[in-house]
Amino acid sequence: MVFAGAAMQAQLRKYACSWCMRRYKQASSLGRHMRYECENAGKKKEQVCHVCGKRYFRPDTLTEHIQACHFQFLYNTTQASC
Ligand SMILES: [Zn+2]
Ligand SMILES: [Zn+2]
């Protein structure tokens, strides 16, 4: 039965993304998804570095990244590197 199979799969995959409800068997897979893959998360929460496009969850982490990796950019020189 297709339905029974789907229900069993849902039980196996107990870690659900709180943004898009995609489910994973392992917490580490869910963590990777929420950090790097989930499109819904990007719309709601992620902070994206406007220099290199890296994504961060928190504004302060992003600010730290920009100061650490793109300090040239902050001082208006032409090179931006990470
Ligand atoms: Zn998701
Ligand atoms: Zn960056």
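So, how was this worked out
- In this numbering scheme, every chain counts its residues from 1 along its sequence in written order.
- Here the convention is simple: chains get letters from A, ligands get numbers from 1, in the order in which they are written.
- For this predicted model, a pLDDT threshold of at least 70 governs which residues receive local features, and a threshold of 80 or more governs which side-chain atom pairs are given and counted, while totals over whole chains, interfaces and linings are taken from all residues.
- Only DSSP runs of H or I with at least four residues qualify as helices, and only runs of E with at least two residues qualify as strands; both kinds are numbered from the N terminus onward.
- Every C-beta atom is placed from the backbone, and the number of other C-beta atoms within 10 Å of a residue's own sets its class: buried at 20 or more, exposed at 12 or fewer, partly exposed in between.
- The contact criterion used here is simple: two residues whose C-beta atoms, placed from the backbone, lie within 7 Å are in contact.

- An unreviewed UniProt entry lists the chain under the name C2H2-type domain-containing protein, from Dryococelus australis.

So, the overall build of the chain
Moving on, step 1. Helices and strands together make up the secondary structure of the chain, namely five helices and four strands.
Moving on, step 2. Shown N-terminal to C-terminal, the secondary structure of the chain runs as helices and strands in the order α-β-β-α-α-β-β-α-α.
Moving on, step 3. Split into buried and exposed, the 82 residues of the chain put 5% on the buried side.
Moving on, step 4. A separation threshold of at least 6 residues defines the contact pool for the chain, and within that pool the share at least 24 residues apart is 6%.

Things to note about the environment of Leu30
Moving on, step 1. With respect to the helices and strands, the residue Leu30 is situated in helix H2 (residues 27-37).
Moving on, step 2. Between the C-alpha atom of Leu30 and that of Arg13, which follows or precedes it by 17 residues, the distance is 9.9 Å.
Moving on, step 3. Setting aside residues no more than four positions away along its own chain, Leu30 makes contact with Tyr15, Cys17 and Tyr24.

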